[in-house]
Amino acid sequence: QVQLVESGGGLVQPGGSLRLSCDASGRISSIYAMGWYRRAPGKQRELVAAITSAGSANYAGSVKGRFTISRDNVKSTVYLQMSGLKPEDTAVYYCHAEIPPMGPGPYDFWGQGTQVTVPS
């Protein structure tokens, strides 16, 4: 069992910055990957950024160079530093964590979502 609690969303002007935080608790030692997804109005949910337990990260092409995903030393918190924000970044952002698919499920976990709004 993993619990994810997100914070940091809000309204920011174009070009501004926000930092999203995802605090994980429970079986955090079992997590092998965490990521941020987003769902914009009229669009499907998409992966924004992900980070493995080894610290390697990958990003959607639309956010490369603007967003940075990171985690703390004990893998209890994952951050998404967002800069150069654009109106098209407006979405609900969700934290996600995965554990190995063994034993009782579930094997992936979601935060409640946090709204990021960048007005036009």
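Computed from a predicted structure; not experimentally measured. (Residues numbered from 1 in each chain as written. Predicted model: local features only at pLDDT ≥ 70, side-chain atom pairs only at ≥ 80, totals over all residues. Heavy atoms only, no water.)

S.K.: Looking at this model, I keep getting lost on the overall build of the chain. Mind explaining?
M.R.: Helices and strands together make up the secondary structure of the chain, namely zero helices and eleven strands. Counting helices and strands in the order they occur from the N terminus, the chain gives β-β-β-β-β-β-β-β-β-β-β. Computed over the C-alpha atoms, the radius of gyration of the chain is 14 Å, within 12% of the 14 Å expected from 2.2 N^0.38 for a compact globule of 120 residues. Seen through its C-alpha atoms, the chain measures out along the principal axes to roughly 45 × 30 × 25 Å. By the burial criterion, 41% of the 120 residues in the chain qualify as buried. Of the accessible surface of the chain, which amounts to about 6,100 Å², a share of 52% is contributed by carbon and sulfur atoms. A distance of 4 Å separates the average location of the 11 positive side-chain charges in the chain from that of its 8 negative side-chain charges. (Helix = DSSP H or I, 4+ residues; strand = E, 2+ residues; numbered from the N terminus. Rg over C-alpha atoms; globule rule 2.2 N^0.38 Å. Buried < 20%, exposed > 50% of the residue type's maximum accessible area, 1.4 Å probe, protein only. Areas by Shrake-Rupley, 256 points an atom, 1.4 Å probe, with all protein chains shown as cover. Lys, Arg positive; Asp, Glu negative; His and termini not counted. Charge placed at Lys NZ, Arg CZ, Asp CG, Glu CD.)

S.K.: I'm lost on the state of the cysteines in this one. Help?
M.R.: One way to say it: the disulfide is the covalent bond shared by the sulfur atoms of two cysteines. Evaluation of the coordinates by the stated rule reveals one disulfide. Two residues, Cys22 and Cys95, share a disulfide whose sulfurs are 2.1 Å apart. In this structure the cystine formed by Cys22 and Cys95 twists about its S-S bond by roughly -85°; its chirality is therefore left-handed. Within this pair, whereas Cys22 is found in strand 3 (residues 18-26), its partner Cys95 is found in strand 9 (residues 91-98), the two being separated by 73 residues in sequence. (Disulfide = S-S within 2.5 Å.)

S.K.: Looking at this model, I keep getting lost on the pairing of strand 4 (residues 33-39). Mind explaining?
M.R.: Within a regular strand, side chains alternate between the sheet's two faces. Of all seven residues in strand 4, six are buried; the element is thus mostly enclosed. Between strand 4 and strand 5 (residues 46-52), which pair antiparallel one after the other, the connecting turn spans six residues, and Gly42 there sits at a positive phi close to 75°. In terms of strand pairing, strand 4 meets strand 9 through seven bridges, oriented antiparallel. Looking across to strand 9, one finds that Gly35 is bridged to His96. (Pairing = 2+ DSSP bridges.)

S.K.: Any chance you could explain the sheet that holds strand 3 here in plain terms?
M.R.: The pairing of strands in a sheet comes from backbone hydrogen bonds and takes either a parallel or an antiparallel form. Strand order in the open sheet formed by four strands is 1-3-8-7, with antiparallel pairing between adjacent strands. Edge strands, defined here as strands with exactly one partner in the open sheet, are strand 1 (2-7) and strand 7 (67-71). On average, each strand axis in the sheet is inclined to that of its neighbour by 15°, with strand direction left out of account. Relative to strand 3, strand 1 runs antiparallel, the two being bridged by six bridges. Along strand 3, the bridge assignment pairs Ser7 with Ser21. (Axes fitted to C-alpha atoms, helices over the stretch in contact; angles between N-to-C directions.)

S.K.: Help me understand the packing of aromatic side chains in this model?
M.R.: Aromatic ring pairs are described here by two measures, namely the spacing of the ring centres and the angle between the planes. Inspection of the entire model under this criterion finds two aromatic pairs. Between the aromatic rings of Tyr37 and Trp110, the centroid separation amounts to 5.0 Å while the plane-to-plane angle is 65°, which identifies the pairing as edge-to-face. On the criterion of sequence distance, the pair formed by Tyr37 in strand 4 and Trp110 in strand 10 (residues 108-110) is long-range, its members being 73 residues apart. Residue class for Trp110 comes out partly exposed when judged on its relative accessible area of 31%. Ring centres of Tyr94 and Trp110 lie 6.4 Å apart, and the angle between their planes is 85°; this geometry places the pair in the edge-to-face category. Residue Tyr94 is located in strand 9, and its partner Trp110 is located in strand 10; the two are separated by 16 residues in the primary sequence. Aromatic ring contacts, followed pair by pair, group Tyr37, Tyr94 and Trp110 into a single cluster. Across from the ring centre of Trp110, 4.0 Å away, lies the NZ or CZ of Arg45, which sits over that ring. (Phe/Tyr/Trp six-rings, centres within 6.5 Å; stacked < 30°, edge-to-face > 60°. Lys NZ or Arg CZ within 6 Å of the ring centre and 35° of its normal.)

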